[in-house]
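Below, each chain spelled out in residue letters.
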Amino acid sequence: MSDRPLPAADVRAALRGAIPTDTSAQVVADDLIPGLIADRRGVRVLDLGCGRGDSIDAFRAADPEVRWTGADLPDSEELGKRSRGDATVVTFDGTALPFGDAAFDVVFCKQVLEHVERPAELYAEVARVLVPGGVFAGSTSQLEPYHGWSTGNPTPYGVKRALERVDLELELVRPGIDGLTLIARRLARGHPRFDRYWARRSPFNRFVDGASRLLGWDAEDRNAVKLLLCGQFVFVARRPWSAEGA
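Our subject in this report is the structure included herewith. Each chain carries its own residue numbering, running from 1 in the direction its sequence is written. Local features in a predicted model are, by the rule used here, given only for residues with pLDDT of at least 70; side-chain atom pairs are given and counted only at 80 or more, and totals for whole chains, interfaces and linings are based on all residues. To get the side-chain values, take all heavy atoms of the structure and skip hydrogens and water.

### Some remarks on the overall build of the protein chain
Step number 1: Each helix is a run of H or I in the DSSP string that is no shorter than four residues. Each strand is a run of E no shorter than two, and both are numbered from the N terminus. Along the backbone of the protein chain there are 9 helices and 7 strands.
Step number 2: Whereas a compact globule of 246 residues would reach a radius of gyration of roughly 18 Å, the protein chain reaches 18 Å, a difference of no more than 12%.
Step number 3: Seen through its C-alpha atoms, the protein chain measures out along the principal axes to roughly 50 × 45 × 35 Å.
Step number 4: For every residue, the accessible area obtained with a 1.4 Å probe (protein chains only) is divided by the maximum for its type, and the residue is called buried under 20%, exposed over 50%, and partly exposed between those limits. Here the protein chain, with 246 residues, has 50% of them falling under the buried criterion.
Step number 5: Here a residue-residue contact requires only that any non-hydrogen atoms of the pair lie within 4.5 Å. Considering only intrachain contacts with a sequence separation of at least 6, the fraction spanning at least 24 residues in the protein chain is 74%.
Step number 6: The convention is simple: Lys and Arg are positive, Asp and Glu are negative, and His and the chain ends are not counted. In this description, the location of a charge corresponds to atom NZ of lysine, CZ of arginine, CG of aspartate or CD of glutamate. Taking the 32 positively charged and 35 negatively charged side chains of the protein chain as two groups, their mean positions are separated by 6 Å. The globule rule used for comparison is 2.2 Å times the number of residues to the exponent 0.38, while the radius of gyration itself is calculated over C-alpha atoms.

This is how it looks when you write it as structure tokens:
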């Protein structure tokens, strides 16, 4: 860690402790899945905003005994495309989750929060359905242009504050595809050539890695600059064990 002057020094300060200091690789939410259920069997997972339910394959690859449940809006376009019948999927109103307290070990939420109309209420519901020590993880958009009825673009610090209000602790935040690339993609009307940048470093992230070699930035510095202008970012938060006696 350092206190070098950066364009994103304020981001680094606001998120210090959650920004990795050992790597600045670009990630997507699916990259988190093996670590979310590592060394455990039969983990209870809720995919919040599950769409077609495709995450079940990644979770089962990590744990064949995983107990996966999906939840989405009844009028979700992605849910309407779901054809598989090998898992439980429920619908809800976008706020009140139809589960009891402490029902899940993991709540996974991939690119959903930017579409939520009442996020504060949903964050509270996530905290309620997690067991003490349970994990809330996924990804959301920051500088991604309007898409799919999106209603907001939370910043990494905004997510941290929202989590704190419901007694969840942000443990990790990492940059995804950069915002400039997503803006260019929208201007190009979603040209498929941009799809490659979910599987490889996007142009601005590649530029930051190159500049860091000249400027002496460490991994935390690089992450902070990437988070400043990220289109999407990944997060991991936890319900404290102390919540058991709350």
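That covers the picture; the talk isn't over yet.
### Notes on the packing of aromatic side chains
Step number 1: For Phe, Tyr and Trp, rings pair up if their centres lie within 6.5 Å, where Trp contributes its six-membered ring, and each pair is then called stacked (planes under 30 degrees apart), edge-to-face (over 60) or tilted (otherwise). A complete count under the given rule lists 5 aromatic pairs for this structure.
Step number 2: Arranged with centres 4.9 Å apart and planes meeting at 90°, the rings of Phe99 and Phe104 form a pair that is edge-to-face.
Step number 3: Residues Phe136 and Phe235 carry aromatic rings whose centres are separated by 5.1 Å and whose planes lie at 65° to one another, so their mutual orientation is edge-to-face. Here Phe136 is found in strand β5 (residues 130-141), whereas its partner Phe235 is found in strand β7 (residues 232-238), with 99 residues between them in sequence. Here the two residues Phe136 and Phe235 agree in accessibility, since each one is buried.
Step number 4: Counting every residue linked through ring pairs, the aromatic cluster contains Tyr123, Phe136 and Phe235.

### Describing the side chain of Gln142
Step number 1: Counting through the fold element by element, Gln142 comes out in the loop between β5 and α6 (156-165).
Step number 2: Judged by its relative accessible area of 10%, Gln142 is buried.
Step number 3: Looking at Gln142, its side chain comes within polar contact range of the main-chain oxygen of Leu227, at 3.0 Å. Pairs of N or O atoms are called polar contacts if they sit within 3.5 Å, as long as, within protein, a hydrogen donor faces a hydrogen acceptor (for residues adjacent in sequence, only side-chain-to-side-chain pairs).

### Side note on unusual backbone geometry
Step number 1: With phi around 55°, Ala102 is a residue other than glycine that occupies positive phi space.
Step number 2: Structurally, the position occupied by Ala102 is in the loop between β3 (88-91) and β4 (104-110).
Step number 3: In this structure, Trp149 is a non-glycine residue whose phi angle is positive, near 65°.
Step number 4: Summarising the element assignment, Trp149 is placed in the loop between β5 and α6.

### Digging into the pattern of salt bridges
Step number 1: Counted as salt bridges are all cases of a side-chain nitrogen of Lys or Arg within 4 Å of a carboxyl oxygen of Asp or Glu. Under the counting rule described, the total for this entry stands at 19 salt bridges.
Step number 2: One salt bridge connects Asp101 with Arg128, and the closest N-O pair in it is separated by 2.9 Å. Of this pair, Asp101 sits in the loop between β3 and β4 while Arg128 sits in helix α5 (residues 119-129), and the two are 27 residues apart along the sequence.
Step number 3: Across the salt bridge formed by Asp209 and Arg222, the nearest N and O atoms sit 3.9 Å from each other. Residue Asp209 is located in helix α8 (residues 203-215), and its partner Arg222 is located in helix α9 (residues 219-228); the two are separated by 13 residues in the primary sequence. Each member of the pair, Asp209 as well as Arg222, is classed as buried.
Step number 4: One network of salt bridges, in which partners are shared, links Arg4, Arg12, Asp218 and Asp221.

### Notes on the side chain of Lys226
Step number 1: Considering the arrangement of structural elements, one finds Lys226 in helix α9.
Step number 2: The exposure class assigned to Lys226 is buried, which follows from its relative accessible area of 1%.
Step number 3: When sequence neighbours within four positions are dropped, the list of residues in contact with Lys226 reads Ser24, Pro175, Asn205, Val208 and Asp209.

### A closer look at the packing of α8 against α9
Step number 1: Helix axes are fitted to C-alpha atoms over the stretch in contact, other axes to C-alpha atoms as well, and angles between N-to-C directions run from 0 to 180 degrees. Their axes nearest at 10 Å, the elements α8 and α9 cross at an angle of 150°. In terms of orientation, α8 and α9 fall into the roughly antiparallel class. Here α8 runs over α9; the crossing is right-handed. Packed against α8, whose contacting residues are Phe204, Asn205, Val208, Asp209 and Ser212, the element α9 presents Arg222, Val225 and Lys226 at the interface. Oblique is the label for every angle not falling under 35 degrees (roughly parallel), over 145 degrees (roughly antiparallel), or within 65 to 115 degrees (roughly perpendicular). By convention the crossing between two helices is left-handed if the near helix lies anticlockwise of the far one by an angle smaller than a right angle, and right-handed if it lies clockwise.

### Looking at the sheet that holds β3
Step number 1: Any two strands with at least two DSSP-identified bridges between them are counted as paired. Taken together, 7 strands build an open sheet; the order of strands is β3-β2-β1-β4-β5-β7-β6 and the sheet is mixed. Two strands lie at the open edges of the sheet, namely β3 and β6 (169-175), each paired on one side alone. With direction set aside, neighbouring strand axes in the sheet form an average angle of 15°.
Step number 2: In this sheet, β7 lies alongside β6 in antiparallel orientation, the contact comprising 6 bridges. Residue pairing for β7: Pro175 is matched across the bridge by Phe233.
Step number 3: The strands touched by α9 within the sheet are β6 and β7, with β6 carrying the most contacts at an inclination of about 80°.

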